[in-house]
Amino acid sequence: MIDSLVDQSRPAWNAYTQHAFVQALGDGTLSRKAFLHYLRQDYIFLVHFSRAWSLAAFKAETVEDIRQCASTVHALTTHEMPLHVQTCEAEGITLSDLEKTDEEVANIAYTRFVMDCGLRGDLLDLLVALAPCVFGYGAIGNELAAQNKDMLSQHPYADWIRTYASPEYQDVCHAVSTLLDRISCRALGDRPDTSPRWTSLVRTFNTACVLESNFWQMGLNPP
(Lines give C-alpha, C1' and ligand atoms only; values in the text may rest on other atoms or scores of the structure.)
Protein backbone atom coordinates (compact mmCIF):
# COMPACT_ATOMS: atom_id res chain seq x y z
CA MET A 1 0.00 0.00 0.00
CA ILE A 2 2.83 2.40 0.77
CA ASP A 3 3.95 2.48 -2.88
CA SER A 4 0.45 3.47 -3.99
CA LEU A 5 0.26 6.23 -1.38
CA VAL A 6 3.64 7.61 -2.46
CA ASP A 7 2.65 7.49 -6.14
CA GLN A 8 -0.55 9.40 -5.40
CA SER A 9 1.36 12.03 -3.37
CA ARG A 10 4.51 12.27 -5.47
CA PRO A 11 5.00 16.09 -5.46
CA ALA A 12 4.59 16.33 -1.67
CA TRP A 13 6.68 13.19 -1.12
CA ASN A 14 9.53 14.48 -3.30
CA ALA A 15 9.44 17.90 -1.64
CA TYR A 16 9.77 16.15 1.72
CA THR A 17 12.45 13.56 0.90
CA GLN A 18 14.49 15.96 -1.25
CA HIS A 19 14.10 19.06 0.91
CA ALA A 20 16.98 21.54 1.16
CA PHE A 21 17.57 20.40 4.76
CA VAL A 22 18.02 16.81 3.54
CA GLN A 23 20.35 17.93 0.74
CA ALA A 24 22.51 19.93 3.15
CA LEU A 25 22.50 17.06 5.64
CA GLY A 26 23.59 14.69 2.88
CA ASP A 27 26.48 16.77 1.57
CA GLY A 28 27.59 17.78 5.06
CA THR A 29 27.04 21.52 4.61
CA LEU A 30 24.19 21.76 7.13
CA SER A 31 25.24 24.02 9.99
CA ARG A 32 25.68 22.38 13.37
CA LYS A 33 23.34 24.96 14.88
CA ALA A 34 20.58 23.98 12.44
CA PHE A 35 21.17 20.26 13.01
CA LEU A 36 21.02 20.57 16.80
CA HIS A 37 17.93 22.74 16.58
CA TYR A 38 16.30 20.05 14.46
CA LEU A 39 17.43 17.28 16.85
CA ARG A 40 15.95 19.04 19.87
CA GLN A 41 12.61 19.46 18.12
CA ASP A 42 12.76 15.91 16.77
CA TYR A 43 13.30 14.52 20.26
CA ILE A 44 10.01 16.11 21.33
CA PHE A 45 8.44 14.87 18.11
CA LEU A 46 9.51 11.31 18.89
CA VAL A 47 7.88 11.52 22.32
CA HIS A 48 4.57 12.30 20.59
CA PHE A 49 5.27 9.74 17.88
CA SER A 50 5.74 7.07 20.54
CA ARG A 51 2.41 8.05 22.07
CA ALA A 52 0.77 7.82 18.65
CA TRP A 53 2.11 4.30 18.16
CA SER A 54 0.85 3.43 21.63
CA LEU A 55 -2.56 4.67 20.51
CA ALA A 56 -2.20 2.40 17.48
CA ALA A 57 -1.66 -0.54 19.85
CA PHE A 58 -4.83 0.46 21.70
CA LYS A 59 -6.80 0.57 18.45
CA ALA A 60 -5.40 -2.73 17.18
CA GLU A 61 -7.82 -5.64 17.02
CA THR A 62 -5.43 -8.61 17.15
CA VAL A 63 -2.54 -9.63 19.39
CA GLU A 64 -0.28 -9.74 16.33
CA ASP A 65 -1.10 -6.11 15.52
CA ILE A 66 -0.66 -5.03 19.14
CA ARG A 67 2.72 -6.74 19.22
CA GLN A 68 3.84 -4.95 16.05
CA CYS A 69 2.77 -1.52 17.32
CA ALA A 70 4.48 -2.16 20.66
CA SER A 71 7.64 -3.23 18.83
CA THR A 72 7.67 0.08 16.97
CA VAL A 73 7.33 1.99 20.24
CA HIS A 74 10.29 -0.02 21.54
CA ALA A 75 12.39 0.86 18.49
CA LEU A 76 11.59 4.56 18.87
CA THR A 77 12.36 4.74 22.57
CA THR A 78 15.42 2.45 22.67
CA HIS A 79 17.13 3.22 19.32
CA GLU A 80 16.11 6.57 17.81
CA MET A 81 15.69 8.66 20.93
CA PRO A 82 19.01 7.56 22.52
CA LEU A 83 20.81 8.72 19.34
CA HIS A 84 19.33 12.18 19.86
CA VAL A 85 20.33 12.17 23.52
CA GLN A 86 23.90 11.03 22.82
CA THR A 87 24.45 13.51 20.01
CA CYS A 88 23.10 16.41 22.05
CA GLU A 89 25.05 15.44 25.17
CA ALA A 90 28.26 15.51 23.13
CA GLU A 91 27.39 19.14 22.34
CA GLY A 92 26.69 20.01 25.99
CA ILE A 93 22.90 19.69 25.72
CA THR A 94 21.67 17.51 28.58
CA LEU A 95 18.64 15.23 28.64
CA SER A 96 17.02 17.76 30.96
CA ASP A 97 17.64 20.47 28.37
CA LEU A 98 16.06 18.27 25.68
CA GLU A 99 12.97 17.61 27.75
CA LYS A 100 12.54 21.34 28.40
CA THR A 101 12.70 22.26 24.70
CA ASP A 102 9.88 24.56 23.67
CA GLU A 103 7.91 23.04 20.80
CA GLU A 104 7.84 25.10 17.65
CA VAL A 105 4.64 25.58 15.66
CA ALA A 106 5.70 23.19 12.89
CA ASN A 107 6.23 20.47 15.49
CA ILE A 108 2.89 21.09 17.17
CA ALA A 109 1.06 21.14 13.83
CA TYR A 110 2.48 17.81 12.71
CA THR A 111 2.21 15.83 15.93
CA ARG A 112 -1.31 17.02 16.71
CA PHE A 113 -2.42 16.26 13.16
CA VAL A 114 -1.26 12.67 13.55
CA MET A 115 -2.94 12.27 16.94
CA ASP A 116 -6.15 13.83 15.61
CA CYS A 117 -6.19 11.31 12.76
CA GLY A 118 -5.83 8.52 15.29
CA LEU A 119 -8.42 9.83 17.73
CA ARG A 120 -11.04 10.56 15.06
CA GLY A 121 -10.40 7.54 12.85
CA ASP A 122 -9.53 3.88 13.05
CA LEU A 123 -6.16 2.12 13.03
CA LEU A 124 -5.79 2.49 9.26
CA ASP A 125 -6.29 6.27 9.43
CA LEU A 126 -3.61 6.50 12.10
CA LEU A 127 -1.11 4.26 10.28
CA VAL A 128 -1.45 6.30 7.09
CA ALA A 129 -0.76 9.50 9.05
CA LEU A 130 2.30 7.87 10.64
CA ALA A 131 3.60 6.36 7.40
CA PRO A 132 5.45 9.34 5.84
CA CYS A 133 7.78 9.65 8.81
CA VAL A 134 8.57 5.93 8.99
CA PHE A 135 9.14 5.36 5.28
CA GLY A 136 10.51 8.78 4.43
CA TYR A 137 13.36 8.50 6.92
CA GLY A 138 14.13 5.01 5.64
CA ALA A 139 14.27 6.24 2.05
CA ILE A 140 16.37 9.28 3.00
CA GLY A 141 18.77 7.18 5.06
CA ASN A 142 19.34 4.76 2.17
CA GLU A 143 19.80 7.57 -0.35
CA LEU A 144 22.28 9.53 1.78
CA ALA A 145 24.24 6.39 2.67
CA ALA A 146 24.54 5.55 -1.05
CA GLN A 147 25.66 9.10 -1.86
CA ASN A 148 28.38 8.96 0.80
CA LYS A 149 29.37 5.28 0.67
CA ASP A 150 33.05 6.01 -0.01
CA MET A 151 33.48 8.69 2.66
CA LEU A 152 30.79 8.09 5.27
CA SER A 153 33.34 7.56 8.03
CA GLN A 154 34.41 11.21 7.67
CA HIS A 155 30.92 12.64 7.26
CA PRO A 156 29.83 15.09 10.01
CA TYR A 157 26.38 13.47 10.16
CA ALA A 158 27.46 9.86 9.70
CA ASP A 159 25.69 8.65 12.86
CA TRP A 160 22.36 10.06 11.71
CA ILE A 161 22.72 8.58 8.22
CA ARG A 162 23.82 5.19 9.56
CA THR A 163 20.86 5.06 11.93
CA TYR A 164 18.24 5.41 9.19
CA ALA A 165 20.14 3.32 6.62
CA SER A 166 20.80 0.56 9.15
CA PRO A 167 19.35 -2.94 8.75
CA GLU A 168 17.56 -2.43 12.06
CA TYR A 169 15.69 0.64 10.84
CA GLN A 170 15.01 -0.90 7.45
CA ASP A 171 13.54 -3.89 9.30
CA VAL A 172 11.18 -1.48 11.08
CA CYS A 173 10.10 -0.09 7.69
CA HIS A 174 9.46 -3.59 6.38
CA ALA A 175 7.47 -4.55 9.47
CA VAL A 176 5.35 -1.38 9.30
CA SER A 177 4.74 -1.96 5.58
CA THR A 178 3.52 -5.48 6.35
CA LEU A 179 1.29 -4.13 9.13
CA LEU A 180 -0.12 -1.41 6.87
CA ASP A 181 -0.89 -3.94 4.13
CA ARG A 182 -2.56 -6.28 6.60
CA ILE A 183 -4.76 -3.59 8.14
CA SER A 184 -5.58 -2.12 4.73
CA CYS A 185 -6.63 -5.51 3.35
CA ARG A 186 -8.76 -6.17 6.39
CA ALA A 187 -10.48 -2.77 6.19
CA LEU A 188 -10.64 -2.17 2.42
CA GLY A 189 -10.02 -5.48 0.68
CA ASP A 190 -7.18 -6.29 -1.71
CA ARG A 191 -7.80 -3.20 -3.91
CA PRO A 192 -7.66 -0.25 -1.50
CA ASP A 193 -7.45 2.26 -4.35
CA THR A 194 -11.00 1.32 -5.37
CA SER A 195 -12.42 1.94 -1.90
CA PRO A 196 -14.54 5.04 -1.14
CA ARG A 197 -12.00 5.77 1.62
CA TRP A 198 -9.01 5.92 -0.70
CA THR A 199 -9.23 9.64 -1.51
CA SER A 200 -9.36 10.50 2.20
CA LEU A 201 -6.39 8.26 2.99
CA VAL A 202 -4.32 9.81 0.20
CA ARG A 203 -5.21 13.25 1.52
CA THR A 204 -4.01 12.27 4.98
CA PHE A 205 -0.73 10.89 3.62
CA ASN A 206 -0.18 13.96 1.45
CA THR A 207 -0.84 16.34 4.36
CA ALA A 208 1.62 14.47 6.56
CA CYS A 209 4.27 14.79 3.82
CA VAL A 210 3.68 18.54 3.67
CA LEU A 211 3.99 18.75 7.47
CA GLU A 212 7.27 16.80 7.24
CA SER A 213 8.58 19.39 4.77
CA ASN A 214 7.54 22.15 7.16
CA PHE A 215 9.45 20.37 9.92
CA TRP A 216 12.63 20.35 7.80
CA GLN A 217 12.11 24.04 7.03
CA MET A 218 11.84 24.74 10.73
CA GLY A 219 15.20 23.01 11.16
CA LEU A 220 16.79 25.34 8.62
CA ASN A 221 15.72 28.38 10.65
CA PRO A 222 17.18 27.99 14.15
CA PRO A 223 16.37 30.77 16.62
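About the thresholds
- Residues numbered from 1 in each chain as written.
- Predicted model: local features only at pLDDT ≥ 70, side-chain atom pairs only at ≥ 80, totals over all residues.
- Heavy atoms only, no water.
- Helix = DSSP H or I, 4+ residues; strand = E, 2+ residues; numbered from the N terminus.
- Rg over C-alpha atoms; globule rule 2.2 N^0.38 Å.
- Contact = heavy atoms within 4.5 Å.
- Areas by Shrake-Rupley, 256 points an atom, 1.4 Å probe, with all protein chains shown as cover.
- Lys, Arg positive; Asp, Glu negative; His and termini not counted.
- Charge placed at Lys NZ, Arg CZ, Asp CG, Glu CD.
- UniProt positions renumbered as here; feature names shortened; annotations may be inferred.
- Buried < 20%, exposed > 50% of the residue type's maximum accessible area, 1.4 Å probe, protein only.
- Axes fitted to C-alpha atoms, helices over the stretch in contact; angles between N-to-C directions.
- Parallel < 35°, antiparallel > 145°, perpendicular 65-115°, else oblique.
- Left-handed = near helix turned anticlockwise from the far one by under 90°.
- Nonpolar A, V, L, I, M, F, W, Y, C, P; charged D, E, K, R; others polar.
- Core = buried A, V, L, I, M, F, W, Y, C linked by side-chain atoms within 4.5 Å.
- 1 Å grid on protein atoms, 1.4 Å probe; cavity = no way out; pocket = protein on both sides within 12 Å on 5 of 7 lines; lining within 4 Å.
- Points joined across faces, edges and corners; volume = space filled by probe spheres on them.

**As for the overall build of the chain**
Part 1: Along the chain, the regular secondary structure elements total 11 helices and zero strands.
Part 2: Counted from the first residue to the last, the chain has its helices and strands arranged as α-α-α-α-α-α-α-α-α-α-α.
Part 3: Against the globule reference of 17 Å for 223 residues, the chain gives a C-alpha radius of gyration of 17 Å, in line with a compact fold.
Part 4: Considering only C-alpha atoms, the chain reaches an extent of 50 × 35 × 30 Å along its principal axes.
Part 5: Considering only residue pairs separated by 6 or more positions, the chain has 81% of its internal contacts joining residues 24 or more positions apart.
Part 6: As presented, the chain carries roughly 10300 Å² of accessible surface, and 53% of it is formed by carbon and sulfur atoms.
Part 7: Positive and negative side-chain charges of the chain, numbering 17 and 27 respectively, have mean locations separated by a distance of 3 Å.

**Section: the UniProt feature "domain: Thiaminase-2/PQQC" (unreviewed entry) in the chain**
Part 1: Within this structure's numbering, the places UniProt gives as "domain: Thiaminase-2/PQQC" (unreviewed entry) are residues 7-220.
Part 2: Overall, residues 7-220 shows 81% helix and 0% strand. The separation of its end C-alpha atoms is 27 Å.

**Some points on helix H3 (residues 20-27)**
Part 1: Within the span of H3, buried status applies to Phe21, Val22, Ala24, Leu25 and Gly26.
Part 2: Packed against the buried residues of H3 are helix H2 (10-17), helix H4 (32-59), helix H8 (123-147), helix H9 (158-165) and helix H11 (198-220).
Part 3: Phi for Gly28, located one or two positions after H3, is positive at around 80 degrees.

**Let's talk about the packing of H8 against helix H10 (residues 167-188)**
Part 1: Remark: H8 packs on H10, axes separated minimally by 10 Å, with the N-to-C direction vectors making an angle of 150 degrees. By the angle between their axes, H8 is roughly antiparallel relative to H10. In this structure, H8 crosses over H10, and the sense of that crossing is left-handed. Contacts between H8 and H10 involve Leu123, Leu124, Leu127, Val128, Cys133, Val134, Phe135, Tyr137, Gly138 and Asn142 from the first element and Tyr169, Gln170, Cys173, Val176, Ser177, Leu179, Leu180, Ile183, Ser184, Ala187 and Leu188 from the second.
Part 2: Partitioning the contact of H8 with H10 into residue classes produces 16 nonpolar, five polar and no charged.

**Considering the nonpolar core**
Part 1: With 82 residues, the main nonpolar core has Tyr38, Phe49, Trp53, Tyr137, Trp160, Phe205 and Trp216 as its most contacted residues.
Part 2: Residue contacts for Tyr137: discarding those within four places in its chain leaves Tyr16, Tyr38, Asp42, Pro132, Trp160, Tyr164, Tyr169, Glu212 and Trp216.

**Comments concerning the layout of surface pockets**
The rolling of a water-molecule-sized probe over the atoms marks out the regions of remaining empty space.
Part 1: Roughly 370 Å³ of internal volume is contained in the largest pocket.
Part 2: Surrounding the largest pocket, 22 residues form its lining, Ala75, His79, Glu168, Tyr169 and Val172 being those nearest its centre.
Part 3: Elements represented by at least two residues in the lining of the largest pocket include exactly H4, helix H5 (63-90), H8, H9 and H10.
Part 4: In terms of residue count, H5 provides more of the lining of the largest pocket than any other element does, seven residues in total.

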